[in-house]
Amino acid sequence: MLWTNRQDEVLEVLDVRPGDRVLEVGFGPGGLLRLLVSRTEAAHIVGVDPSPTMRAAATRPNHAAVRSGRMTLVLGTAERTGLADQSVDRVASVNNVDLWSDLEAGMRELHRVVRPGGKVVVAWHGGSSPGRIERRLRMPEAKLARIEGCMRRVFTDTARDRLSTLDVFTAVR
Ligand SMILES: C[S@@+](CC[C@H](N)C(=O)[O-])C[C@H]1O[C@@H](n2cnc3c(N)ncnc32)[C@H](O)[C@@H]1O
């Protein structure tokens, strides 16, 4: 999982500013978390994932950030993050939206926790240059349209784009 994503492209779309509080839902082994630590000046990074195994895996490469308090990794889901209202500036979800048990509830939750003007990026396998894995896992258009429609109902400003190996939905609250 760590190496099949173009996490650097997600980071660019996320556009983290110095001092931002960033949430990643479904962080898996922690590849994007690692980039958030090393390539941004985010003040605080919180990761939410339902898997204790993934939390342990993601803690290892991000040990220093967790120890210093710059990063917090908790068990939770996109539908129930446990974060306070409007408590983050940026939200990223890479390759987990299809695993959410309730798409509408997940979108509402991400809307709840991001501050007005904050940005949400939801990405899934696909993109303009998909490899074998992305071709196998990419969603049919009807499913992509459902995600887009759901995001549009919750957020004011939304867009859909293609990165190299990811289809990406962005929204501003
Ligand atoms: C395919 S991995 C992707 C991990 C990482 N984002 C990446 O791109 O490498 C999917 C992750 O989503 C998590 N997940 C499953 N259900 C979820 C949910 N409802 N909300 C958030 N994450 C979830 C899994 O535990 C797993 O860590």
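Residues numbered from 1 in each chain as written. Predicted model: local features only at pLDDT ≥ 70, side-chain atom pairs only at ≥ 80, totals over all residues. Heavy atoms only, no water.

## Quick word on the overall build of the protein
Thought 1: The helix and strand inventory of the protein stands at 7 helices and 7 strands.
Thought 2: Counting from the amino terminus, the protein carries its helices and strands in the arrangement α-β-α-β-α-α-β-β-α-β-α-α-β-β.
Thought 3: In summary, the protein has a C-alpha radius of gyration of 15 Å against a globular reference of 16 Å for 173 residues, a match within 12%.
Thought 4: In terms of principal-axis extent, the alpha carbons of the protein reach across some 45 × 35 × 30 Å.
Thought 5: Buried residues in the protein amount to 53% of all 173 residues. (Helix = DSSP H or I, 4+ residues; strand = E, 2+ residues; numbered from the N terminus. Rg over C-alpha atoms; globule rule 2.2 N^0.38 Å. Buried < 20%, exposed > 50% of the residue type's maximum accessible area, 1.4 Å probe, protein only.)

## A closer look at the packing of helix H5 (residues 103-113) against helix H7 (residues 141-154)
Thought 1: The geometry of H5 relative to H7 is characterised by a closest axis approach of 10 Å and an angle of 40° between their N-to-C directions. Taken together, H5 and H7 sit at an angle that is classed as oblique. By crossing handedness, the relation of H5 to H7 is classed as right-handed. Across the interface between the two elements, Leu103, Glu104, Met107, Arg108 and His111 of H5 pack against Arg146, Ile147, Cys150, Met151, Arg153 and Val154 of H7.
Thought 2: A class-by-class count of the residues in the contact of H5 with H7 yields 6 nonpolar, 1 polar and 4 charged. (Axes fitted to C-alpha atoms, helices over the stretch in contact; angles between N-to-C directions. Parallel < 35°, antiparallel > 145°, perpendicular 65-115°, else oblique. Left-handed = near helix turned anticlockwise from the far one by under 90°. Contact = heavy atoms within 4.5 Å. Nonpolar A, V, L, I, M, F, W, Y, C, P; charged D, E, K, R; others polar.)

## Here we look at the environment of Ser101
Thought 1: Within the element layout of this structure, Ser101 appears in the loop between strand S4 (88-94) and H5.
Thought 2: The exposed category is assigned to Ser101, whose relative accessible area is 70%.

## Considering helix H1 (residues 7-14)
Thought 1: By the criterion of burial, H1 is predominantly enclosed, with 6 of the 8 residues buried.
Thought 2: Taken together, the buried positions of H1 are occupied by Gln7, Glu9, Val10, Leu11, Val13 and Leu14.
Thought 3: Buried residues in H1 make contact with strand S1 (21-25), helix H2 (31-39), S4, strand S5 (114-125) and strand S7 (166-172).
Thought 4: Phi turns positive, to about 55°, at Asp15, one or two residues after H1.

## Thoughts on the pattern of salt bridges
Thought 1: Going through the model one piece at a time under the given rule, you end up with 12 salt bridges.
Thought 2: Residues Arg17 and Asp15 are paired through a salt bridge, measuring 2.6 Å at the closest nitrogen-oxygen approach.
Thought 3: Between Arg21 and Asp89 there is a salt bridge, with its nearest N and O atoms 3.0 Å apart. Here Arg21, found in strand S1, pairs with Asp89, found in strand S4; they are 68 residues apart in sequence, far enough to count as distant.
Thought 4: With a relative accessible area of 33%, Arg21 lands in the partly exposed category. (Salt bridge = Lys/Arg side-chain N within 4 Å of Asp/Glu carboxyl O.)

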